[in-house]
Amino acid sequence: MSSMSSVAGLSKYIRTLPDALTSLLLIIVMSFIIGSVLFLVEPMAIDSGLENFFYGGAFGFVVFGLPAIITGSTDQFFVDTLKGINLKTKHSMFLGFMSMLIAGLVSLIGTVVGAIFHLDLFFNSILFGSVLAFAFNALVIWSTTRIKIINSFLIAIIQPLLMIGMLIITSFLNDIEGMFELGLFTTIFKVVIASLIFLLAIYSLISVVNSPMKKNLGFGALDILSYFISHMNEGSDSIEELFDNVGEAIDTYVGVASFKKLDGDIKALFISPCVHPGPLGDIGGSNMPTILANSFDSFTMVAHGPSTHDFNPVSSKEIVKIEEAVRKALDKMEYSPFASEFIRYSHKKANIGVQFFKNGSILLSTFAPSGSDDIEYGVGLATLFESQRVLGTKSNILVDCHNSFNPEKGEVLPGNPEFFQLLDTIKLIQTKDLEHEIQVGCHYTDLGGFDKHQGIGESGLKTMVIEVNGQRTAYALFDANNMELGFRETIFNAVKDLEIDEIEVMTSDTHTVNTLSAGYNPVGTVEKEKILEYLKLSIQEAINDLEPVEAGANIERIYNLKTFGPKNSTELISTISSIVAVSKIIAPLIFIVAILFVLIWIFIL
């Protein structure tokens, strides 16, 4: 699997947390259950099992539940006071619940082990659970809130201290035998040393994780993690500032096909920028297809031009530069009421559908039914230059249809067999004269409210039907990140009975859908039948909208577009991939060693 696949796969860990009230109820219920089970396993000086159950439940709520509720209510205040980010009420309460759950479950396990081997592990098990809860608290707060390490640890230790304090108070009131055999000072000393062991483990882990990215890119893994969480929670664009600091300005191209009604108004635009709509969520250029399309008053389709994550805009503000280039292309556009029919050419895995307009053509490229990922810019540029040489037209618009997803396939790079297959396919194309008048019809649908849960972005499905000499060709563009392998062929079979002769389906490669647990989340993995029905309806509506137009094609250069840059994009992806790989080994090792030391310290020494 490629490095990009590994990084994209991290999105499966993104989850929506429950609201604060749900977490509060979970704390109350689970603390009562944990306490009840504790007292049933280790009965107190009470004869009735039912009394042990309810008495233990009360004990669990006081020792585990109350500290979780208190810190769940106060941690946010402390983090906000220290100018931290990301810890809102629901996060704070859920963190309190998870820490309580860790402490409670560890206490249960220790008590059960003690009961089996006839050892008194009740008190020490709760101590050990409290220290583990502190370690979890500290790791989460330090890694996500952007506050200093010492402040993170001071906030993190409040809940464990409250649990131990409640344990001492309840034990003293009920005079549990052997409670103070170690002495109060010894108990506190044990907790402090155990906590320091975990602090050392956490600091070691964060240092290992943080330093490679800090050295290579100037910002650490914790920076990107905390700002990404802030973006997901609040829509903050702070993460774009990180990318802007290391970004590189590039020049690239955008291809524009314009279809103008007889009254002079533009009916439709077909745009293919050599700019990548990534990295994910709404960060950088991830929602570029929608933002760019909404910049124009007419029906606008923004397809995926040859580009990879190297060409991700560092911020959404950079999309204005693409819009400016499109408007320049429109100002220079030459129109003709004539066009050619749509014709397909193929060589080995490469397939290109071609339609000629005034001054140029649209070249729809796909490797379907074989899987493929992005076509690299250098490959696209070489293909465009070859098309200009072979076809004799200066404004050929190359589209990476991005419609056959295979997670094991990487980008199409210079030197790959697919690169030469594209060039060989171009050589097969025969230039067609513009002999026949053109009609165009358009339609947009949100597919009944589909969203990223179905792999569909904000722009839904846009369909344009072009009729030339009686031949109708449907250009269908899903605002999605690629298409499930084989779904393109399913679509072709499903639309055979419609009044069209040709169809090509494309995806915009929007990365707004990549924030889900499905990772890349290509269209067609769910709701296939509904998608097919909406596509058929959209094609029919576009046919009903057909009217005579004039058409033209143009290529315009985009200047000084701030992107991740070839070096930094590769560095970022490979560094994150390496950190993930190393962490899978280092993190368990560090914490297993720390846990062993703490176990020996609390239970034996």
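Residues numbered from 1 in each chain as written. Predicted model: local features only at pLDDT ≥ 70, side-chain atom pairs only at ≥ 80, totals over all residues. Heavy atoms only, no water.

A. Summary view of the overall build of the protein chain. Across its full length, the protein chain holds 17 helices and 13 strands. Taken along the three principal axes of its C-alpha coordinates, the protein chain extends 100 × 50 × 40 Å. Each of the 605 residues in the protein chain was classed as buried or not, and the buried ones make up 55%. Summarising the internal contacts of the protein chain: among those between residues at least 6 apart in sequence, 78% fall at separations of at least 24. For the protein chain, the exposed area adds up to about 24900 Å²; of that, 60% sits on carbon and sulfur atoms. Charge centroids of the protein chain, computed over 39 positive and 63 negative side chains, lie 6 Å from each other. (Helix = DSSP H or I, 4+ residues; strand = E, 2+ residues; numbered from the N terminus. Buried < 20%, exposed > 50% of the residue type's maximum accessible area, 1.4 Å probe, protein only. Contact = heavy atoms within 4.5 Å. Areas by Shrake-Rupley, 256 points an atom, 1.4 Å probe, with all protein chains shown as cover. Lys, Arg positive; Asp, Glu negative; His and termini not counted. Charge placed at Lys NZ, Arg CZ, Asp CG, Glu CD.)

B. Representation of unusual backbone geometry within the structure. Cis geometry is adopted by the peptide bond preceding Pro-279, which originates at Gly-278 and carries an omega value of 15°. Here Ala-368 and Pro-369 are connected by a cis peptide whose omega angle stands at 5°. Locating Pro-369 in the fold gives a position in the loop between strand S7 (360–366) and helix H13 (377–391). Within the chain, Lys-348 stands out as a residue other than glycine whose phi angle is a positive 55°. Relative to the elements of secondary structure, Lys-348 occurs in the loop between strand S5 (343–347) and strand S6 (350–357). Under the relative-accessibility criterion, Lys-348 is labelled exposed at 69%.

C. How the structure looks around the packing of aromatic side chains. Under the defined criterion, the tally for this structure stands at 20 aromatic pairs. When the centroid spacing of 6.0 Å and the interplanar angle of 70° are considered together, the rings of Phe-128 and Phe-603 count as edge-to-face. In this pair, Phe-128 sits in helix H5 (residues 122–145) while Phe-603 sits in helix H17 (residues 566–603), placing the two residues 475 residues apart along the sequence. Ring geometry for Trp-142 versus Tyr-203: centroids 6.1 Å apart, planes at 5°, classification stacked. (Phe/Tyr/Trp six-rings, centres within 6.5 Å; stacked < 30°, edge-to-face > 60°.)

D. Representation of empty space enclosed by the protein. Summed over all chains, the structure comprises 5 cavities of 30 Å³ or more. Considered as a void within the structure, the largest cavity measures approximately 50 Å³ in volume. Considering the residues around the largest cavity, the lining is formed by Pro-289, Thr-300, Met-301, Val-302, Ser-459, Gly-460, Lys-462, Leu-477, Phe-478, Asp-479 and Ser-508. Among the elements that make up the lining of the largest cavity, the one with the highest residue count is strand S3 (residues 299–302) (3 residues). (1 Å grid on protein atoms, 1.4 Å probe; cavity = no way out; pocket = protein on both sides within 12 Å on 5 of 7 lines; lining within 4 Å. Points joined across faces, edges and corners; volume = space filled by probe spheres on them.)

E. Looking closely at the packing of helix H3 (residues 49–81) against helix H4 (residues 89–116). For the pair H3 and H4, the least separation of the axes is 8 Å and the interaxial angle reads 150°. Compared by their axis directions, H3 and H4 come out roughly antiparallel. When you trace H3 past H4, the crossing you get is right-handed. Contact residues: H3 offers Phe-64, Gly-65, Ala-68, Ile-69, Thr-71, Gly-72, Ser-73, Asp-75 and Gln-76, while H4 offers Thr-89, Ser-92, Met-93, Leu-95, Gly-96, Met-100, Ala-103, Gly-104 and Ser-107. Looking at the contact of H3 with H4 residue by residue, the class counts come to 7 nonpolar, 10 polar and 1 charged. (Axes fitted to C-alpha atoms, helices over the stretch in contact; angles between N-to-C directions. Parallel < 35°, antiparallel > 145°, perpendicular 65-115°, else oblique. Left-handed = near helix turned anticlockwise from the far one by under 90°. Nonpolar A, V, L, I, M, F, W, Y, C, P; charged D, E, K, R; others polar.)

F. Inspection of helix H2 (residues 20–41) at higher detail. When the terminal C-alpha atoms of H2 are compared, their 31 Å separation across 22 residues agrees well with the 32 Å that a helix rising 1.5 Å per residue should span. Ser-23, Ile-27, Ser-31, Ile-34, Gly-35, Ser-36, Leu-38 and Phe-39 are the residues of H2 that are buried. The inward-facing, buried residues of H2 abut H3, H4 and H5. The N-cap residue of H2 is Asp-19: its side-chain oxygen and the backbone nitrogen of Leu-21 are 3.3 Å apart. (Expected span 1.5 Å × (residues − 1). Polar contact = N/O pair within 3.5 Å; in protein donor to acceptor, adjacent residues only side chain to side chain.)

G. Region of the structure containing the pattern of salt bridges. By the definition in use, this model includes 19 salt bridges. Linking Lys-267 and Asp-545 is a salt bridge whose minimum nitrogen-to-oxygen distance equals 2.7 Å. Taken together, the residues span a long stretch of sequence, with Lys-267 in strand S2 (residues 266–273) and Asp-545 in the loop between helix H16 (528–544) and strand S13 (547–563) at a distance of 278 residues. Exposure remark for Asp-545: the relative accessible area of 29% places this residue in the partly exposed category. Glu-502 is the salt-bridge partner of Arg-344, the closest N and O atoms lying 3.0 Å from each other. Taken together, the residues Arg-344 in strand S5 and Glu-502 in strand S12 (residues 502–507) connect sequence positions 158 residues apart. Judged by relative accessible area, which is 32%, Arg-344 ranks as partly exposed. Looking at Glu-502, the relative accessible area reads 23%, which means it is partly exposed. When salt bridges with common partners are traced through the structure, they connect Arg-344, Arg-488, Glu-489, Glu-502 and Glu-504 into a single cluster. (Salt bridge = Lys/Arg side-chain N within 4 Å of Asp/Glu carboxyl O.)

H. Inspection of a nonpolar patch on the surface at higher detail. A cluster of nonpolar side chains, Leu-21, Leu-25, Ile-28, Val-29, Ile-33 and Val-37, forms an exposed patch at the surface whose accessible area comes to about 490 Å². Assignment of secondary structure puts Val-37 in helix H2. (Patch = residues over 30% accessible without salt bridge, like charges linked within 9 Å, V, L, I, M, F, W, Y side chains within 5 Å.)

I. How the structure looks around the environment of Leu-363. The topology assignment puts Leu-363 in strand S7. The spacing of Leu-363 and Gln-159 is 204 residues in sequence and 62 Å in space, taken between C-alpha atoms. Residues contacting Leu-363, with those up to four places away along its chain left out, are Ile-352, Gly-353, Val-354, Ser-387, Asn-396, Ile-397, Leu-398, Val-399, Ile-426 and Ile-429.

J. How the structure looks around the pairing of strand S10 (residues 461–468). Burial analysis of S10 places 8 of its 8 residues in the buried class, the great majority of the element. Both faces of S10 are covered, namely the face carrying Leu-461, Thr-463, Val-465 and Glu-467 and the face carrying Lys-462, Met-464, Ile-466 and Val-468. Across 8 bridges, strand S9 (residues 436–445) lies against S10 in antiparallel orientation. Its bridge partner lying in S10, His-443 is registered against Thr-463. Here 8 bridges tie S10 to strand S11 (residues 471–478), and the two strands are oriented antiparallel to one another. Note on S11: the bridge partner recorded for Leu-461 is Phe-478. (Pairing = 2+ DSSP bridges.)

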